[in-house]
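Residue strings, one per chain:
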Amino acid sequence: MTTTADIVLRNGTLVYPDGVREGSLAIKDGKIFAIGDDAAMPPAHETLDATGMHILPGAIDAHVHFREPGYTHKEDWQTGTAAAAMGGVTTVFEMPNVSPPTAGKVELAQKHALATAKAHVDYGLYGLLGEENLANLEDLVAGGVIGFKCFMGNTFGNLPAPSTGAMLEGFEIVARHGKRISLHAETASIMARRQKHLQAAGRNDPLAHLAARPAVVAIEAVSRASILAEWTGARIHVLHISSAEELKPLREAKARGVDVTGETCPQYLLLGAEDYGRLGGRIRVNPPVREARNQGPIWDALKDGTIDMIATDHAPHVPEEKLREAIWDCDCGFPGVETQMSLMLTEVNVGRMSISDYVRWTSYNPARAWGLFPKKGILRAGADADIVLVDLRRSSMICDADLQSRAKITPWNGRAVRGVPVHTLVRGRFVMRDRKLIDDTKGWGQSVHAIQEMPPAKPRHVDQTTAAIVRPPLAAQ
Ligand code: DOR
Ligand code: ZN
């Protein structure tokens, strides 16, 4: 008896991390069932003509802020994941700087309940690694986190940056579990002093934000975190790489064998200091968009593998919070999960990267870094049918008003793009079809921690950890 597939996507261009091929793809029970020539496809309940379209594994955005609980006037789990679905993003990893922060098992359980009820796409939840919650890290692992987030620079939500001592203890604990710790790698004390001096000098203009956070804050933080990761054997991820200079400590750490991955975002590839005058508070983000001379080295670092992936740092704030008089009063961050794919496919169209590069940086590499590969991150029989069909020839314009996000303000407003996600499927189900959100997929998203398989943990210097030294020596027991 022949199997009947649920759907066959017919005659598209299938995109892999190392090349493309023409073909068709069959889906059954939420998984990719077969890939190959159209003639080899099983019968199906439904077919979709993908002629002229590219078929990609859905993007995995390792860096989004969805604001629920606590700040739902900016975003919630439904609007944030709707934005993801419209943007071709099938899995998001969501950050813990909500209110209350995701710092213990109760808060984590609450967030799982919200997400599972509302999400259109799959998700992972970050637990906080902070000064005050080290005793909760094991509970957070048990409660189902994808990894941890450590804010070395203070950010929205006013979570104080942990001391180096607390970071070391936290890294020791997490190293035993093999989970990855994602770092907001900017050193808080440097920035706080500089901001105070700038304010005292009467600087309130947009570029004062950049002046408060020179690249040395990232160089120092990446270096310090890499030392702690090397010592403890913890896995780390450097979020939102913004400067040419921080690539040096990142490359050095990789060369020393530290398990470190790196991420950049479209704003650091495509915007520059010259955009502050035009954009004002819209462009304010941490780390800051820097001088345009940084873009080339960041692109090069993606190409040579120093930077592993592109995420968005989707950080929605509503217009009145973004457009205040003094730059210091404008909230930091802007939505991005919805616009990343079109922005980057535009770069594919102008020949700055290949579509395989795109898939490697937005799906394959994130899946591997967080132990989701090969269940996600690749078009392969047996993998989850997380798929986006894109039309590389279709032109569009990014507009504030069109965003799904509750934060209808983006620095990309008015930007022409070419290359648009047209359909998004999560585990075989359309969550976006013909550029329309499928409303009743609210609640379809699942937490991916359950399918995460990190490589075995490799903790180091275990005899010198805080846990080890406070145990009485054997003879004294
Ligand atoms: O600009 C930012 N906004 N950077 C971050 O790291 C976090 C964020 C937020 O949560 O608004
Ligand atoms: Zn962030």
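Just so we're clear, the structure is a prediction, and the values are computed from it rather than from any experiment.

1. Digging into helix α14 (residues 355–369)
- Here α14 spans 20 Å end to end across 15 residues, near enough to the 21 Å set by a 1.5 Å rise per residue.
- Along α14, the sharpest kink reaches roughly 40 degrees, centred on W361.
- Counting buried positions over the 15 residues of α14 gives 13, a clear majority of the element.
- One or two residues past the end of α14 sits G371, with phi positive at roughly 70 degrees.

2. A word on helix α2 (residues 105–118)
- Spanning 14 residues, α2 covers 20 Å between terminal C-alpha atoms, matching the ideal 20 Å at 1.5 Å per step.
- Every buried residue of α2 is listed here: L108, K111, H112, A115 and K118. Buried residues along α2 cover an arc of 150 degrees about the axis, so they all sit on one side.
- Buried residues in α2 make contact with α1 (77–86), β7 (89–94), β8 (122–128) and α3 (137–143).

3. Remarks on the environment of M432
- By the secondary structure assignment, M432 is in strand β16 (residues 429–433).
- Residues M432 and P421 lie 11 residues apart in sequence; the distance between their C-alpha atoms is 9.1 Å.
- Ignoring sequence-local partners within four residues, the contact set of M432 consists of A85, M86, P421, V422, H423, T424, L437 and I438.

4. Side note on the coordination of the zinc ion (ligand 2)
- Coordination of the zinc ion (ligand 2) by the protein is provided by H63 (NE2), H65 (NE2) and D313 (OD), with metal-donor distances spanning 2.0 to 2.2 Å.
- For the zinc ion (ligand 2), all donor residues lie on one chain, and their spacing in sequence is H-x1-H-x247-D.
- Given the relative accessible area of 7%, H65 is considered buried.

5. Observations concerning the environment of T306
- Mapping T306 onto the fold places it in the loop between α11 (295–303) and β13 (309–310).
- Look at T306 and you get buried, because its relative accessible area is 6%.
- Placed 136 residues apart in sequence, T306 and K442 show a C-alpha to C-alpha distance of 37 Å.
- Those residues in contact with T306 that lie beyond four places of it in its chain are L247, L250, R251, K254, G262 and A301.
- Side chain to side chain, T306 and D304 meet in a polar contact 2.6 Å long.

6. Some thoughts on the site of ligand 1
- The full set close to ligand 1 counts 14 residues, and R67, N97, H184, N286 and C332 are the nearest of them.
- H65 places a polar side-chain atom, nitrogen or oxygen, 3.2 Å from an oxygen atom of ligand 1.
- Within the backbone of G333, one N or O atom sits 3.4 Å away from an oxygen atom of ligand 1.
- The protein chains hide 100% of the 290 Å² of surface that ligand 1 would expose on its own.
- For the shell around ligand 1, the class distribution of residues is four nonpolar, eight polar and two charged.

Reading the values: rules and limits
- Residues numbered from 1 in each chain as written.
- Chains lettered and ligands numbered in written order.
- Predicted model: local features only at pLDDT ≥ 70, side-chain atom pairs only at ≥ 80, totals over all residues.
- Heavy atoms only, no water.
- Helix = DSSP H or I, 4+ residues; strand = E, 2+ residues; numbered from the N terminus.
- Expected span 1.5 Å × (residues − 1).
- Bend = angle between axes of the 7 residues up to and from the residue.
- Buried < 20%, exposed > 50% of the residue type's maximum accessible area, 1.4 Å probe, protein only.
- Arc of directions from axis to C-beta.
- Contact = heavy atoms within 4.5 Å.
- Donors = N, O, S within 2.8 Å, 3.2 Å for Na, K, Ca; no water.
- Polar contact = N/O pair within 3.5 Å; in protein donor to acceptor, adjacent residues only side chain to side chain.
- Near = heavy atom within 4 Å.
- Areas by Shrake-Rupley, 256 points an atom, 1.4 Å probe, with all protein chains shown as cover.
- Nonpolar A, V, L, I, M, F, W, Y, C, P; charged D, E, K, R; others polar.

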